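# Survey of secondary and tertiary structure
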Amino acid sequence: MEQNRIVRVDMTAKTITEEAAPERYRFLGGRALTAQLLLDETDPRVHPLSREAKLFIAPGLLGGTAVTTSGRTSFGFKSPLTGGTKEANVGGQLGHRLARLGIKAIVVDGASDDGWYRLDIDNEGIRLAKADDLAGRSNYDLHAELVGEAVLTRAAATIGPPGELRLASASVAVTDPEGRPSRHAARGGPGAVMGAKGLKAIVVDDAGAPRIVHGERRDDFRKEVTKFSKVVLEDPRTHNLSRTGTAGVVKFVNRDNVQSMPTRNHRHGTWAYADSISGQAIDELSQERGGKMAPCMAGCIIKCAILFNDANGQHVTSAFEFESIALLGSNLEIGPADAVAELDRMCDDIGLDTIEVGNAIGVAMEAGVLDWGDWEGTKKLLEEIRAGTPLGRIIGNGTEHVARTYGIDRVPVVKGQGLPAWEPRTLKGMGVTYSTSPQGADHTAGMVTARGATTETLIKQSRHEQLVMMAIDSVGVCQFSNALPADMAQFVGHRFDIDWDDETVLKMARTAIDAEREFNRRAGFDREDDRLPRWLLEEALPLPDGPSAFDIPGEELDKVWG
Ligand code: SF4
C-alpha cells in the first residue's frame, strides 16, 4: 500500500481518487500541510461554504508512530468565522488510524446536491455512501452507531445539526478511546465546511493495516521514543496535568495578580465562585464519584482528559477542559462544576466549539437575551441551536454574528473569532499572539504567559512560540508533551532517514506561517487585522500594582512577522 497517499473526494461527482503526495509535500504534515494545500488549491476569495472551498484533513508527520501524543489531526479550510486561513487541531483516535492506512491527507471538494453522505476508509479501500439516515442526529448517538464495539480499530469524525446548518461555530467531533465524541476540531467552523460539502461522517477503521514502515534508523527512533517518554513522565507539568487536567489552572488564573478568568463577557478577570469550577473541586468530585483522568488517544502517557461523572457515578462528559470551563462557566457566571459539565456535554453532543459558543452566549447575555448565570436559559439556547430555530442559528453563527444582531459593539473577537480564556490585558504576550496569529484569537497558536516582561521580549516570545506551535501541529504531537524543536528534529530525522535539526524545524514552521499569512493577504487581510478590539485597550483590569489594559502599539505588533 502506498504510504504517502493524498485522497481526493469530489462530493459533486461522488468520485474518489488517490495519488502519491508530490515530493514538495513530503516533509509537511498536519497544519503545515493543510496550510500549504489551502494556499495552493483554494482561491482565497471564494465563499468558505461554497463548493469551490476545499476541506483538508491531515495527520501529522509522526502520526501512526509510537511517539507519545503523536496522533493529532489537522482540519484546514477557509474559515466561515474569520474569512481567512484556518486550522483546527484535534486529538482522539482519528490521526493514528489515518496515518496507519498510509493517508497523508484527505481533500474534500465540491458539494453534494442529493443529500447526506458518509466516507468509509479501511484497509480494503475508500467508499462514499448515502447517509440520509444519519441526518439530524447528534454526536453521542452517531459515534455509538458508527464506532460502537469496534472502538479498538475504528474512529469517526462527525458533524451534528449545527454543521448540517452550516453555522460558523460548528465543530467536527472525533472519537476518543472510550468511543465517545469528546474530541473536537472546533475552532473556526470546520463543521460548517464539512456540512456544506454534504459529508455527515468519516469512519476510519485500521484493522489489518500494515505497520508504519521505518527506515534504517529504526533503532535510533525507538531509543528516542523511550528517552522522550521518560522526559515527559518526569516533567512536573505532566504531573499536574495528569492530576487535574487543564482545569488545574483555574485557581492560579483567578488570582488578583493574574486575572485571567473571563467573567461576565470578559468584563472581569476574577470570579468569586471560581473555586466551584476549579480542577481541585473537579478532582474531589471525581474521587467520590469514580471519575478518572484518561488519554484522549492511544499512546498518550500524560492523560490530561477529565472523565466527569454525576453524583450517581454516571458519565456526564469527557475532556472537561479549562477553556470550556471558563467560557461556559465564569464568563456566563455559571457554576458549579456539575452545571458546566452538563453544558460541555451538550456542546460535544450537538457539535459546537465551546469557546465560540461561550463567547456568543456571553454577548447574548450582555444584550439582555438572558440573564447572567441563567443555566436553564443557556441549556435552552443550546437546544435552540440543535433545533435550528432562528435564535439558535443566530447564536450558533458565533460571537460577532450575535453582536451584530443585537447592536453590541463590545465584541470579544480577533479576526472574527471568539477570545479564549487567557486574558490579553494581564498576560500581554497572549494579546500579541491573538493579534498576530493568522488564525485569529487562538491560545493554542502560541502561549506566552510571562508577566512583567518588556514589549521586545513579548514580541520575540510570541514569534518563537507561534513557530513552535506550528511545528508541533505539523508533526502532530500534543502541545502538552512540551516537545522542543530539537526533539521534533530527532523524531522526523530518524523516521524519514533525513538530517533535520532544530533550525530545519523552525524554518519549516516559518514557511508554513508565511503560507497562512499569504492566504489571508490574498483574502483581503492587512495589518489593521492584526490588532485587538479597542475595548481591550481601553478597559483596564485592576491588578494590585495598577490598572492593566493591552498597551502594545500596532507598530510593535507588526515586528512579530517583520
Ligand atoms: S496530553 Fe491531553 S490533550 Fe494531549 S494527547 Fe494527551 S490526553 Fe490528549
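So, a few notes on the structure that sits alongside this text. Source: prediction; values computed, not measured.

### Observations concerning the site of the ligand
- In the vicinity of the ligand, the contacting residues are T69, R183, A294, P295, C296, M297, C300, I302, C304, C478 and F480.
- Partitioning the shell around the ligand into residue classes produces nine nonpolar, one polar and one charged.

### Focus: the packing of helix α12 (residues 354-366) against helix α15 (residues 399-406)
- In the contact formed by α12 and α15, the axes pass within 8 Å of each other and the chain directions differ by 15°. Classed by the angle they form, the pair α12 and α15 counts as roughly parallel. Regarding α12 and α15, the two cross each other, and that crossing is right-handed. Contact with α12, carried on its side by E356, N359, A360, V363 and A364, involves T399, V402 and A403 of α15 and no other residues of that element.
- Here the residues of the contact of α12 with α15 sort into five nonpolar, two polar and one charged.

### Considerations on the packing of aromatic side chains
- Evaluated as defined, the whole model comprises seven aromatic pairs.
- Look at F228 and F491: their rings are 5.4 Å apart centre to centre, the planes differ by 85°, and that puts the pair in the edge-to-face class. One end of the pair, F228, is in helix α6 (residues 218-234); the other, F491, is in helix α18 (residues 485-496), and 263 residues separate them in sequence. Accessibility classification places F228 together with F491 in one group, the buried group.

### Thoughts on the side chain of R531
- With respect to the secondary-structure elements, R531 resides in the loop between α19 (502-523) and α20 (535-538).
- A polar contact is formed between the side chain of R531 and the backbone oxygen of R527, at a distance of 3.4 Å.
- For R531, the contacting residues outside a window of four places in its chain are V414, S435, G554, L557 and D558.

### Description of unusual backbone geometry
- Cis rather than trans, the peptide bond between G335 and P336 has omega equal to -5°.
- Along the polypeptide, P336 turns up in the loop between α10 (322-328) and α11 (337-350).
- In this structure, H266 takes a positive phi of about 65° despite not being glycine.
- Structurally, H266 is set in the loop between α8 (250-253) and α9 (279-289).
- Residue class for H266 comes out buried when judged on its relative accessible area of 1%.
- Even without a glycine there, the phi angle at K415 is positive, about 55°.
- Residue placement: K415 occurs in the loop between β16 (413-414) and β17 (417-418).

### Focus on the packing of α18 against α19
- Two elements in contact, α18 and α19, have axes separated by 7 Å at closest approach and are oriented at 95°. As far as their axial angle goes, α19 and α18 are roughly perpendicular. When α18 is examined against α19, the residues P485, A486, M488 and A489 are found in contact with a partner set consisting of D502, V505 and L506.
- A per-class count over the contact of α18 with α19 returns six nonpolar, no polar and one charged.

### Digging into the sheet that holds strand β7 (residues 117-122)
- If you walk across this open sheet you meet the six strands as β8-β7-β12-β9-β10-β11, and the pairing is mixed. Two strands close off the open sheet at either side, each with one partner strand: β8 (125-130) and β11 (183-185). Here the average twist between neighbouring strands, direction ignored, is 20°.
- Sheet analysis places β7 next to β8, joined by six bridges and oriented antiparallel. Bridge pairing in β8 places D122 opposite G125.

### Quick notes on the pairing of strand β15 (residues 315-318)
- As paired strands, strand β14 (residues 305-309) and β15 are joined by three bridges and run antiparallel to one another. When the sheet's bridge partners are listed, F308 is paired in β15 with T317.
- Turn length for the β14-β15 hairpin, with the two strands adjacent in sequence and antiparallel, is five residues, and the turn residue G313 shows positive phi of about 80°.

### As for the environment of L327
- With respect to the helices, strands and loops of the structure, L327 is situated in helix α10.
- Along the primary structure L327 and A337 are separated by ten residues, whereas in three dimensions their C-alpha atoms are 13 Å apart.
- Residues in contact with L327, not counting those within four places in the same chain, are H266, L332, T354, I355, G358, N359, L419, P420 and A421.

Analysis parameters
Residues numbered from 1 in each chain as written. Predicted model: local features only at pLDDT ≥ 70, side-chain atom pairs only at ≥ 80, totals over all residues. Heavy atoms only, no water. Near = heavy atom within 4 Å. Nonpolar A, V, L, I, M, F, W, Y, C, P; charged D, E, K, R; others polar. Axes fitted to C-alpha atoms, helices over the stretch in contact; angles between N-to-C directions. Helix = DSSP H or I, 4+ residues; strand = E, 2+ residues; numbered from the N terminus. Parallel < 35°, antiparallel > 145°, perpendicular 65-115°, else oblique. Left-handed = near helix turned anticlockwise from the far one by under 90°. Contact = heavy atoms within 4.5 Å. Phe/Tyr/Trp six-rings, centres within 6.5 Å; stacked < 30°, edge-to-face > 60°. Buried < 20%, exposed > 50% of the residue type's maximum accessible area, 1.4 Å probe, protein only. Polar contact = N/O pair within 3.5 Å; in protein donor to acceptor, adjacent residues only side chain to side chain. Pairing = 2+ DSSP bridges.

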